[in-house]
Amino acid sequence: MNRSLAIIGASQLVTLAGPRRPRIGAEMRDLAIINDGAMLIRDGRIVQTGARGEIEKLIDADCEVVDADKRVVMPGFVDAHTHPVFAGNRADEFEMRAAGKSYQEIAASGGGIRSTVLKTRAASEDELFTASRRYCDWFLRAGTTTVEAKSGYGLTLEDEMKMLRVIRRLDEETPLRYVPTFLGAHTPPDEYKDNRTAYVDLIVNEMIPLVAREGLARFCDVFCEKGAFDVDESRRILQAARACGMGLRVHADQLSLSGGSQLAAELGAMTADHLEYAGETQISALKSANVQPVLLPASVLLIGSHRYPDARAMIDAGLAIVLATDFNPGSSPTTSMPLVLTLASTQMKMTPAEAITAATINAAFSLGLGDEVGSLESGKWADFVIHDCEDYRELGYFAGIEHPVGAFVKGKLVARSARGPAGLAADSHS
Ligand code: NIG
Ligand code: FE
């Protein structure tokens with residue numbers, strides 16, 4: 001078997017090489033592009049990047065060579081906020097929103113997260129795996145090679161464990177890299193409507209210790225919001241998770257000023273996610289604790305809202321912004337990072353370069369994987385994508401287009417389009 005691979009002929013090899021930490025301010029606009037670039041890979045890891053002539057000298061007879069044919073080659077997207085395991089879908093709510101109902105109204109009248117919980121509880125582990133593997137293919141086809149994946153549609157000890165086991169199986173059996181997050185605190189389940197404290201007790205005393213013992217989650221997340229969990233409940237849960245060795249993420253200030261950003265700052269969480277309602281006070285709290293904001297503009301678009309988070313103020317404050325899809329069956333039924341890039345530039349006025357930094361290297365650092373993926377640098381995994389365009393700005397500009405012609409994980413082609421690189425067959429993973 002061929003263990004060396006060279007990619008040559010990239011119009012732009014978008015390396016994102018730079019300091020080994022999340023990028024802030026003007027650094028977010030520096031993609032460290034190599035024109036007419038090439039890359040040498042061995043045993044799934046990047047050996048060297050450089051100008052074509054420089055890399056061609058290193059190619060020996062056993063090395064497989066792929067010509068990108070004047071296309072953009074860049075790191076696979078790292079989607080640092082998704083809910084990709086669920087049964088059924090909520091196309092009915094999409095129709096209700098078209099008829100004028102809001103996301104919150106639908107949730108308050110028994111739909112929303114609750115309706116996905118009922119279907120997910122009723123599904124077997126195999127059924128959930130099969131449904132979720134379909135979305136795995138969508139991620140890869142749109143150029144994503146790593147996703148953070150949350151539980152949160154089980155809301156019983158056994159159903160949360162079931163979801164996390166599905167995520168582990170997806171990580172083991174598909175080419176996509178999954179980083180698991182425990183989100184037992186997504187919403188209080190109906191059985192605990194009149195005794196929320198008992199549900200928080202269950203999370204703190206039983207769910208978190210078991211999840212930690214089984215090594216099923218790297219992070220713990222809480223939906224800190226009216227109708228979900230308040231600041232005190234969220235704090236209790238996150239402190240318990242931290243005591244069990246999990247990193248912290250918070251759904252914060254999405255639908256109202258919930259206090260989530262300040263809690264994330266107080267606890268030194270890795271990320272505060274959403275932030276549609278965050279203002280100056282919240283932004284400076286996040287900065288003082290070095291919390292990375294994860295912005296999810298597709299969820300704003302797809303619930304039909306117009307309130308996007310203030311990305312420019314966050315960049316000006318020196319925050320290391322991350323962009324993600326928030327893929328889920330309710331507020332954000334999309335796996336498309338290219339759509340997120342389009343929204344970042346049109347609705348949040350991020351430059352195309354800032355958006356790509358937020359969708360790759362900054363996202364990787366927010367998952368604790370900044371030394372493994374998210375840029376094309378020696379020693380990192382060769383997780384990269386060939387996009388059918390000459391200039392990286394076309395990714396968000398030609399909107400709604402599936403640009404990737406080939407996605408590679410650990411140097412192996414795992415998804416390709418009909419226009420994909422000649423002479424290479426995608427490894428089957430079905
Ligand atoms: O990130 N905000 C809470 N959770 C998800 C929505 C989940 C759902 O509607 O099923 C979100 O938007
Ligand atoms: Fe979410």
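The structure contained in this document is the topic of the report that follows. (Residues numbered from 1 in each chain as written. Chains lettered and ligands numbered in written order. Predicted model: local features only at pLDDT ≥ 70, side-chain atom pairs only at ≥ 80, totals over all residues. Heavy atoms only, no water.)

**Let's talk about unusual backbone geometry**
Although it is not a glycine, lysine 70 sits at a positive phi angle of roughly 60 degrees. Within the secondary structure layout, lysine 70 lies in strand E4 (residues 64-75). Among the residues examined, lysine 70 registers a relative accessible area of 59% and is labelled exposed. Residue aspartate 253 is not a glycine yet carries a positive backbone phi of 50 degrees. (Helix = DSSP H or I, 4+ residues; strand = E, 2+ residues; numbered from the N terminus. Buried < 20%, exposed > 50% of the residue type's maximum accessible area, 1.4 Å probe, protein only.)

**Let's talk about the sheet that holds strand E3 (residues 45-51)**
Spatially, 7 strands are ordered E3-E2-E1-E4-E13-E14-E15 in an open sheet, and the strand pairing comes out mixed. What marks the edges here is a single partner per strand, and that holds for E3 and strand E15 (412-416). Neighbour-to-neighbour, the strand axes of the sheet open up by a mean angle of 35 degrees, direction not taken into account. Two strands pair when backbone bridges link them, and strand E1 (residues 4-14) and strand E2 (residues 33-42) are joined in this way by 8 bridges, in the antiparallel orientation. Looking across to E2, one finds that glutamine 12 is bridged to asparagine 35. (Pairing = 2+ DSSP bridges. Axes fitted to C-alpha atoms, helices over the stretch in contact; angles between N-to-C directions.)

**Brief notes about the packing of helix H8 (residues 231-243) against helix H9 (residues 260-267)**
Here H8 crosses H9 at 30 degrees, and the two axes come no closer than 11 Å. For the element pair H8 / H9, the angle class is roughly parallel. For the element pair H8 and H9, the recorded crossing hand is right-handed. The segment H8 lies against H9, with Val231, Ser234, Arg235, Leu238, Gln239 and Arg242 engaging Leu263, Glu266 and Leu267. (Parallel < 35°, antiparallel > 145°, perpendicular 65-115°, else oblique. Left-handed = near helix turned anticlockwise from the far one by under 90°. Contact = heavy atoms within 4.5 Å.)

**Quick look at the environment of leucine 267**
Relative to the helices and strands, leucine 267 resides in helix H9. With 24 residues separating them in the primary sequence, leucine 267 and valine 291 have C-alpha atoms 9.6 Å apart. In contact with leucine 267, not counting residues within four places along its chain, are Arg235, Leu238, Gln239, Arg242 and Leu248.

**A short note on the side chain of threonine 325**
Mapped onto the fold, threonine 325 is located in the loop between strand E12 (322-323) and helix H13 (337-347). Looking at threonine 325, its side chain comes within polar contact range of the side chain of aspartate 79, at 2.6 Å. Among the polar contacts made by the side chain of threonine 325, one reaches the main-chain amide nitrogen of phenylalanine 327 at a distance of 3.1 Å. Leaving out residues up to four positions away in the same chain, threonine 325 has contacts with Asp79, His81, Thr82, Phe139, Leu296, Ala298, Ser332, Thr334, Thr335, Ser336, Met337 and Val340. (Polar contact = N/O pair within 3.5 Å; in protein donor to acceptor, adjacent residues only side chain to side chain.)

**Re helix H5 (residues 125-141)**
Relative to the 24 Å expected for 17 residues at 1.5 Å per residue, H5 spans 25 Å between its end C-alpha atoms, a close match to the ideal helical length. Following H5 by one or two positions, glycine 143 has its phi on the positive side, about 95 degrees. (Expected span 1.5 Å × (residues − 1).)

**A closer look at the pattern of salt bridges**
On inspection of all chains with the given rule, the structure shows 27 salt bridges. The shortest N-O distance in the salt bridge between arginine 21 and glutamate 27 comes to 2.7 Å. Judged by its relative accessible area of 35%, arginine 21 is partly exposed. For glutamate 27, a relative accessible area of 27% corresponds to the partly exposed category. Salt-bridge contacts for glutamate 158 lead to arginine 165; the nearest nitrogen and oxygen are separated by 2.9 Å. (Salt bridge = Lys/Arg side-chain N within 4 Å of Asp/Glu carboxyl O.)

**A few points about the site of ligand 1**
The full set close to ligand 1 counts 15 residues, and Arg90, Tyr103, Tyr153, Gln254 and Ser331 are the nearest of them. Side-chain polar atom of histidine 251 to an oxygen atom of ligand 1: 3.1 Å apart, as the coordinates give it. Between ligand 1 and serine 331, the relevant distance is 2.6 Å, taken from an oxygen atom to a side-chain nitrogen or oxygen of the residue. Class assignment for the residues of the shell around ligand 1 results in 4 nonpolar, 9 polar and 2 charged. (Near = heavy atom within 4 Å. Nonpolar A, V, L, I, M, F, W, Y, C, P; charged D, E, K, R; others polar.)

**Comments concerning the side chain of histidine 387**
Summarising the element assignment, histidine 387 is placed in strand E13 (residues 384-387). Setting aside chain neighbours within four positions, we find histidine 387 in contact with Arg71, Val72, Met74, Phe77, Leu395, His403, Pro404 and Val405.

**Things to note about the pairing of strand E9 (residues 247-252)**
Among the 6 residues that make up E9, 5 are buried, leaving the element largely enclosed by the rest of the structure. Of the pairings in the sheet, the one linking strand E8 (residues 219-223) to E9 comprises 5 bridges and is parallel in character. Following the sheet pairing, cysteine 220 is matched in E9 by leucine 248. Regarding the hand of the β-α-β motif, the stretch spanning E8, H8 and E9 is right-handed. Chirality of the crossover, the property in question, places the unit of E9, H9 and strand E10 (residues 271-274) among those that are right-handed. (Right-handed = clockwise from strand over helix to strand, strands pointing away.)

**Digging into the nonpolar core**
When a protein is soluble and globular, its nonpolar side chains tend to lie buried together. Grouped together as the largest cluster of nonpolar side chains are 104 residues, with contacts concentrated most on Phe182, Ile208, Ile237, Ile321, Leu323 and Met350. Among the elements that line this core, the one with the most residues is helix H7 (residues 196-213), at 9 residues. Not counting residues within four places of it along the chain, the set of residues in contact with phenylalanine 182 comprises Ser151, Glu160, Leu164, Ile203, Met207, Ile208, Val211, Ala217, Phe219, Cys220 and Asp221. Listed in part, the 17 residues of the second largest apolar core include Leu13, Ile41, Val405 and Phe408. (Core = buried A, V, L, I, M, F, W, Y, C linked by side-chain atoms within 4.5 Å.)

**Section: the environment of methionine 96**
Note on placement: methionine 96 falls in helix H2 (residues 91-98). Taking relative accessible area as the criterion, methionine 96 reaches 31% and is therefore assigned partly exposed. For the pair methionine 96 and isoleucine 106, spaced 10 residues apart in sequence, the C-alpha separation works out to 8.0 Å. If we skip the residues at most four places from it in the chain, methionine 96 touches Lys101 and Ile106.

**Considerations on the sheet that holds strand E5 (residues 77-79)**
Judged by pairing direction, the sheet is parallel, and its 8 strands sit side by side in the order E5-E6-E7-E8-E9-E10-E11-E12 without closing on themselves. Both edges of this open sheet fall to E5 and E12, since each of them pairs with a single strand only. Pairing between strand E11 (residues 292-295) and E12: 2 bridges, direction parallel. Across the sheet, residue valine 294 finds its bridge partner in E12, namely valine 322. The strands touched by H9 within the sheet are E9 and E10, with E9 carrying the most contacts at an inclination of about 165 degrees.

Taken by themselves, the reported measurements are silent on function.
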